[in-house]
Amino acid sequence: MAKKSSSFHMGDEFNGSGKKTYLRATQHNKYKLLPQENVRLTPDYKQCVPKVIGALPLIMAAVKASANSMLKAVGAIPDVSQVIITRDKRTGKYQTSFAVRKIQLTTGAYLHKIPKPYKDILPIKDFAHKSIYRSDDDFSDLDRYVSEEIFEKMGWNVEIFKKTYGDDVIDKLKEYMYQYGITNSHSICMLLATLGTESGDGSALLENRSTFDKLTYRENTKGAGLMQVTGFDQKEFLEYLENEMMRPDSKREDKYLLTKVQEYLEGYPDPFPTVIINGKEKKVCVNSKDVAGFIAEYYPLESAAWYWGTYEKCTYWEDINTSESTNGESISLNQYVCNIVENSDANDVDSMILKQEPPWENLFLATQYYVNGSPWKRSRLQKIAECMDDTYVLTNGKLTFTLPQGDPKQGTYTERLPNNWGERAEDWEQLTYEIYG
């Protein structure tokens, strides 16, 4: 080690093998500043990069694609690196080139943010829904359509709505709609267009009725909550609550109400009384306890989301031409809407928009028959829902259609429209502006 020499330079001192040598400049020069006119500013090229990334094209079909596709595209921005910006000497314009590479944690796309579930929402795995439709965008369409602004556009008095259902009613409604899988834009808006007429634009917790002639329910089983769930539908809802609360893995926070739910279920008679309506014998849903009041107090919003999102109220055929020979599948209104929209021809919907007709008015009409009671067979309702032309004519509070000669059921048919159809149709038309612009 002693034989090895080393050196280092520190400041103006040079130390070589232990011998210090001091360095001193022999010449000092002064340099003139460059003339100001020769100074050029360097462009801030970082401004170009976001413009390049933001310029990725997005192609969407007019109807079949919804905001789901847009979110996927936004979430699929690639990793752009090695950005080189050069100036074309001839044109004086700047050109940008860059490399696109895969990020190893994903399939070449940035992870996009999924909105955090609202508080108090039960995980979807805790629900035993047989057929549930959930779109990929989760909350984006809910946040867009379930808002004070949209309710006001439909003519609701939001102050009264909040006074009746609570200050947090809009957030809570979104929670329940998410919980029950109502996240598709068309289904969201059809539900919202239904709620106005059913609940007096959010001003009523209970149906305002004192006489029940020619109806299949009575005072204790009249409409309750935002959807005005009524009669035998209330019984189905209570049975659903009981099953959910009794599941060993249930995380519902309302399990303390199980005994009360069971008491209301015990209030239904066996058998139910009957009444003659339009010449036909019908069962009447009665209860010795105030079921309507119970739902209005504890489940005014959840009952509405359950009714639209889970309750298998509808019958759907993959091929409506087989309706005479097959029974069809029982599904919810939510899935009914989604199935028909997803299986539609985008060109037909574009044609409706060009004709300035409210798109999907026939589908919305079919859902209102399911909600309000229908004079038509369920197979006919699906034909109405899927119809894109002028086969079905709505005039003077009635729906009319004609089957041509040669059809086994040829002739003209006319039946009533759902109650308060004018109000329902106005709300739906307003919401189609929000969807299609």
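Just so it is clear, the structure is predicted and the values come from calculations on it, not from any experiment.

K.L.:
Explain the packing of aromatic side chains here, please?
P.N.:
For any two aromatic rings, the description comes down to two numbers: the centre-to-centre distance and the angle of the planes. Tallying each qualifying case throughout the model produces 26 aromatic pairs. For the ring pair phenylalanine 401 and tyrosine 413, a centre distance of 5.2 Å and an interplane angle of 15° mean the geometry is stacked. Linking phenylalanine 401 in strand 11 (residues 398–403) with tyrosine 413 in strand 12 (residues 411–416), this pair joins segments that are twelve residues apart in sequence. Overall, the relative accessible area of 31% leaves tyrosine 413 in the partly exposed class. Following the ring pairs from residue to residue traces out a cluster consisting of Tyr180, Phe237, Tyr240, Tyr264, Phe294, Tyr298, Tyr299, Trp306, Tyr307 and Tyr311. Over the ring of tyrosine 268 we find lysine 235; its NZ or CZ atom is 5.9 Å from the centre of that ring.

K.L.:
Looking at this structure, how should I read helix 15 (residues 378–386)?
P.N.:
For an α-helix, 3.6 residues make a turn, and residues three or four places apart therefore share a direction. Taken as a whole, helix 15 has its buried residues at Ser379, Arg380, Leu381, Gln382, Ile384 and Ala385. As for helix 15, its buried residues are in contact with strand 8 (314–316), helix 12 (333–342), helix 14 (361–372) and strand 11.

K.L.:
What is the right way to look at a negative patch on the surface in this model?
P.N.:
A cluster of acidic residues, Glu312, Glu318, Asp319 and Glu329, forms a negative patch at the surface. Of note, aspartate 319 is situated in the loop between strand 8 and strand 9 (329–331). Judged by relative accessible area, aspartate 319 falls into the partly exposed class, the value being 37%.

K.L.:
What exactly am I supposed to notice about the pairing of strand 6 (residues 274–277) here?
P.N.:
As judged from the four bridges shared by strand 6 and strand 7 (residues 280–283), these two strands associate in the antiparallel manner. Bridge assignment links isoleucine 277 to a residue of strand 7, and that residue is lysine 280. Hairpin geometry of strand 6 and strand 7 is characterised by an intervening segment of two residues between the two adjacent antiparallel strands and by a positive phi of about 55° at asparagine 278.

K.L.:
Just to check I follow, could you spell out the sheet that holds strand 10 (residues 393–395) for this structure?
P.N.:
Each strand in a sheet pairs with another by means of backbone hydrogen bonds, the pair being arranged parallel or else antiparallel. One open sheet holds the three strands; their spatial order is 10-11-12, and the pairing between them is antiparallel. Since the sheet does not close on itself, it has two edges, and those belong to strand 10 and strand 12, each with one partner. Averaged over all adjacent pairs, the angle separating strand axes in this sheet is 25°, with direction ignored. Alignment of strand 10 against strand 11, held across three bridges, turns out to be antiparallel. Its bridge partner lying in strand 11, threonine 395 is registered against lysine 398.

K.L.:
Sorry if this is basic, but what is going on with the environment of asparagine 339 here?
P.N.:
By secondary structure assignment, the location of asparagine 339 is in helix 12. Not counting chain neighbours up to four residues away, the residues in contact with asparagine 339 comprise Tyr316 and Ile331.

K.L.:
What's the story with the nonpolar core in this structure? I'm lost.
P.N.:
One recurring pattern in soluble globular proteins is that nonpolar side chains are buried together. Phe151, Leu192 and Tyr336 are the most contacted members of the largest nonpolar core, which has 87 residues in total. Setting aside anything within four residues of it in sequence, one finds leucine 192 in contact with Tyr145, Val146, Ile150, Phe151, Met154, Leu173 and Leu431.

K.L.:
What is the right way to look at the pattern of salt bridges in this model?
P.N.:
As a working rule, side chains carrying opposite charge can pair if their charged atoms are close by. Summed over all chains, the structure comprises 16 salt bridges. A salt bridge links lysine 174 to aspartate 171; the shortest N-O distance between them is 3.9 Å. Placement of both lysine 174 and aspartate 171 in helix 6 (residues 169–179) is noted, with a separation of three residues, approximately one turn of the helix. Aspartate 171 gets classed as partly exposed once you look at its relative accessible area, which sits at 39%. Among the ionic pairs, aspartate 254 bridges to arginine 252, the shortest N-O distance being 2.8 Å. Classification of arginine 252 as buried rests on a relative accessible area of 7%. Here the salt bridges do not stand alone but share partners, grouping Asp143, Asp171 and Lys174 into one network.

K.L.:
When you look at helix 6 in this model, what are you seeing that I'm missing?
P.N.:
Of all eleven residues that make up helix 6, eight are buried, and the element is covered over most of its length. Turning to helix 6, its buried residues number three or more, namely Val169, Ile170, Leu173, Lys174, Glu175, Met177, Tyr178 and Gln179. Of the surrounding elements, those touching the buried residues of helix 6 are helix 3 (140–145), helix 4 (148–153), helix 5 (158–165), helix 7 (185–199) and helix 11 (302–309). One or two positions beyond helix 6, positive phi appears at glycine 181, with a value near 75°.

K.L.:
Hey, could you run me through the environment of arginine 252 in this one?
P.N.:
If you trace the backbone, arginine 252 turns up in the loop between helix 8 (231–246) and helix 9 (258–266). Once the C-alpha coordinates of arginine 252 and leucine 241 are considered, the two residues, eleven residues apart in sequence, prove to be 9.7 Å apart. In terms of polar contacts, arginine 252 uses its side chain to reach the side chain of glutamate 302, at 3.0 Å.

K.L.:
Got a minute to help me understand unusual backbone geometry in this structure?
P.N.:
With the exception of glycine, the majority of residues adopt a negative phi angle, and the majority of peptide bonds are in the trans configuration. Here aspartate 270 and proline 271 are connected by a cis peptide whose omega angle stands at 5°. Of note in the backbone geometry, glutamine 228 takes a positive phi value of approximately 55° without being a glycine. As for its position among the elements, glutamine 228 is in the loop between helix 7 and helix 8. You will see that asparagine 396, though not glycine, has its phi angle at about 50°, which is positive. Mapped onto the elements of the fold, asparagine 396 is located in the loop between strand 10 and strand 11. Overall, asparagine 396 belongs to the exposed group, its relative accessible area being 78%.

Definitions and cut-offs
Residues numbered from 1 in each chain as written. Predicted model: local features only at pLDDT ≥ 70, side-chain atom pairs only at ≥ 80, totals over all residues. Heavy atoms only, no water. Phe/Tyr/Trp six-rings, centres within 6.5 Å; stacked < 30°, edge-to-face > 60°. Helix = DSSP H or I, 4+ residues; strand = E, 2+ residues; numbered from the N terminus. Buried < 20%, exposed > 50% of the residue type's maximum accessible area, 1.4 Å probe, protein only. Lys NZ or Arg CZ within 6 Å of the ring centre and 35° of its normal. Contact = heavy atoms within 4.5 Å. Patch = residues over 30% accessible without salt bridge, like charges linked within 9 Å, V, L, I, M, F, W, Y side chains within 5 Å. Areas by Shrake-Rupley, 256 points an atom, 1.4 Å probe, with all protein chains shown as cover. Salt bridge = Lys/Arg side-chain N within 4 Å of Asp/Glu carboxyl O. Lys, Arg positive; Asp, Glu negative; His and termini not counted. Charge placed at Lys NZ, Arg CZ, Asp CG, Glu CD. Pairing = 2+ DSSP bridges. Axes fitted to C-alpha atoms, helices over the stretch in contact; angles between N-to-C directions. Core = buried A, V, L, I, M, F, W, Y, C linked by side-chain atoms within 4.5 Å. Polar contact = N/O pair within 3.5 Å; in protein donor to acceptor, adjacent residues only side chain to side chain.

Any functional reading would require information beyond the geometric quantities listed.
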